[in-house]
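These are the residues of each chain, in order.
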Amino acid sequence: SGLASLPSAPPRLAPPRPARGWVSSAHGPQRDMTLDALLKGRPGEDEQETLEALVKAHDDLEFKADGSKVCVKSTSQEIVPRLKQVRDYVNGGKYKKAREMYSHDYTQYEPWIVPHEHQKKFLYCKLTGSVLPMKVEVVKRHMESKRFKEIRQAQEDTEKKKAEKREKKQEIVKAIRAKAKARAEAKAGPAAAAKGGQKKGKKRKAAPDAAAPDAAAGADGAKKQRLAPEAPDAGAKGAKRKRRPERSLKLRRKKQFA
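What comes next concerns the included structure. Only a predicted model underlies this, so the values are computations on that prediction, with no experimental measurement involved.

Reading the values: the criteria
Residues numbered from 1 in each chain as written. Predicted model: local features only at pLDDT ≥ 70, side-chain atom pairs only at ≥ 80, totals over all residues. Heavy atoms only, no water. Helix = DSSP H or I, 4+ residues; strand = E, 2+ residues; numbered from the N terminus. Buried < 20%, exposed > 50% of the residue type's maximum accessible area, 1.4 Å probe, protein only. Contact = heavy atoms within 4.5 Å. Areas by Shrake-Rupley, 256 points an atom, 1.4 Å probe, with all protein chains shown as cover. Arc of directions from axis to C-beta. Pairing = 2+ DSSP bridges. Salt bridge = Lys/Arg side-chain N within 4 Å of Asp/Glu carboxyl O. Phe/Tyr/Trp six-rings, centres within 6.5 Å; stacked < 30°, edge-to-face > 60°. Core = buried A, V, L, I, M, F, W, Y, C linked by side-chain atoms within 4.5 Å. Polar contact = N/O pair within 3.5 Å; in protein donor to acceptor, adjacent residues only side chain to side chain. Axes fitted to C-alpha atoms, helices over the stretch in contact; angles between N-to-C directions.

### A word on the overall build of the chain
Logical step 1: A tally of helices and strands in the chain yields ten helices and six strands.
Logical step 2: When each of the 258 residues of the chain is scored for burial, the buried share is 19%.
Logical step 3: If you take every contact in the chain between residues at least 6 apart in sequence, the share linking residues at least 24 apart comes to 28%.
Logical step 4: For the chain, the exposed surface amounts to about 21,800 Å²; the carbon and sulfur share of it is 54%.

See the structure below:
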């Protein structure tokens, strides 16, 4: 009866369900873990929640739209969505090498070193014609070589001379055009003045007379009549007719007539 008089303990409430991305464990939520800790792993972790936290924390990983695969952005690799497979790939030497290869900005070495036209994992040097692997230390060592520096300096000197020659040629052309323009203006000055004087002293034409067309028509008719050839007389034409040769009368040729 003494126990019945004691107050009953309050009911025990269930802990709140953690939000997505949080995994309640003895070590705390997964969201507070760094990327290195997620890649190494720890005992008692939830595989699915740890995988989602790893993909979210890693800037080179993402889930496909349907969530069936984990995609690697830099290498376009697709992995089964399992924590062990994803960790093994990301921690592998092949991925680290590819990550270093594709993440580096090789455009800073242009225009001398450019991506290879056919081999995606290699670079091409336009100066020396060398094929280089996409490794930063190899590219830097090639650019610091004596051969590369000599060829680069020679090409830069050639380009500089061409630019100076081009500028000098443009200056000469400008000077020639300026002289020709000054000469044309000097020649056109007196001629324009004389032409202006002629225009001022020019007389106006007289108004045409009404009888002028008739007179002109009569003069043209007389001229045509004077220049027209006389018709030959039929009798005179018969008297002046040429005599036919004897061979023609006998219907023979010159060789046959001889």
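### Brief notes about unusual backbone geometry
Logical step 1: With an omega of 5°, the peptide bond running from E110 to P111 counts as cis.
Logical step 2: Mapped onto the secondary structure, P111 falls in the loop between α4 (93-103) and β4 (113-115).

### Structural notes on helix α5 (residues 136-143)
Logical step 1: For α5, the full list of buried residues reads V136, V138, V139, H142 and M143. All buried residues of α5 fall inside an arc of 165° around its axis, so they share one side.

### Concerning the pairing of strand β5 (residues 122-125)
Logical step 1: The alternating pattern of β5 places L123 and C125 on a buried face and F122 and Y124 on a face that is not buried.
Logical step 2: Two strands pair when backbone bridges link them, and β4 and β5 are joined in this way by three bridges, in the antiparallel orientation. Bridge pairing in β5 places P115 opposite L123.
Logical step 3: Relative to strand β6 (residues 131-133), β5 runs antiparallel, the two sharing three bridges. For F122, the partnering residue across the bridge sits in β6 and is P133.
Logical step 4: Linkage of β5 to β6, two consecutive antiparallel strands, is achieved through a turn of five residues, within which G129 is found at a positive phi near 75°.

### Thoughts on the pattern of salt bridges
Logical step 1: Summed over the entire model, instances satisfying the criterion amount to four salt bridges.
Logical step 2: Here D88 and K84 are joined by a salt bridge, their closest N and O atoms 3.0 Å apart. Placement of the pair is D88 and K84 together in helix α3 (residues 83-91), with a separation of four residues, close to one helical turn.

### Examining the packing of aromatic side chains
Logical step 1: Evaluation of the coordinates by the stated rule reveals two aromatic pairs.
Logical step 2: Between Y89 and Y95, the aromatic rings sit 5.4 Å apart at their centres with planes inclined by 50°, giving tilted as the arrangement.
Logical step 3: Between Y106 and Y109 the ring centres are 6.3 Å apart and the planes differ by 50°, which places this aromatic pair in the tilted class.
Logical step 4: Taking the relative accessible area as the measure of exposure, Y109 reaches 7% and is therefore buried.

### What to know about the nonpolar core
Note that soluble globular proteins tend to have their nonpolar side chains buried in a common cluster.
Logical step 1: Counting residues in each nonpolar core, the largest one holds 15 residues, and the members touching the most others are L54, L61, V86 and V90.
Logical step 2: Contributions of two or more residues to this core are made by α1 (35-40), α2 (47-57), β2 (70-72) and α3.
Logical step 3: In terms of residues, this core owes the most to one element, α2, which gives four residues.
Logical step 4: When sequence neighbours within four positions are dropped, the list of residues in contact with L61 reads L54, V55, V70, C71, V72, K73, V86 and V90.
Logical step 5: Grouped together as the second largest cluster of nonpolar side chains are 14 residues, Y109, I113, V136 and F148 included.

### A word on α2
Logical step 1: Along α2, the residues that are buried comprise E49, T50, L51, E52, A53, L54 and V55.
Logical step 2: Against the buried residues of α2 lie α1, β1 (61-63), β2 and α3.
Logical step 3: The backbone nitrogen of Q48 lies 3.3 Å from a side-chain oxygen of the residue at the head of α2, namely D46.

### Things to note about the sheet that holds β1
Logical step 1: Judged by pairing direction, the sheet is antiparallel, and its three strands sit side by side in the order β1-β2-β3 without closing on themselves. Two strands close off the open sheet at either side, each with one partner strand: β1 and β3 (77-79). Strand-to-strand twist of the sheet, defined as the mean angle between neighbouring strand axes without regard to direction, takes the value 30°.
Logical step 2: Where β1 meets β2, three bridges bridge the pair, whose relative direction is antiparallel.

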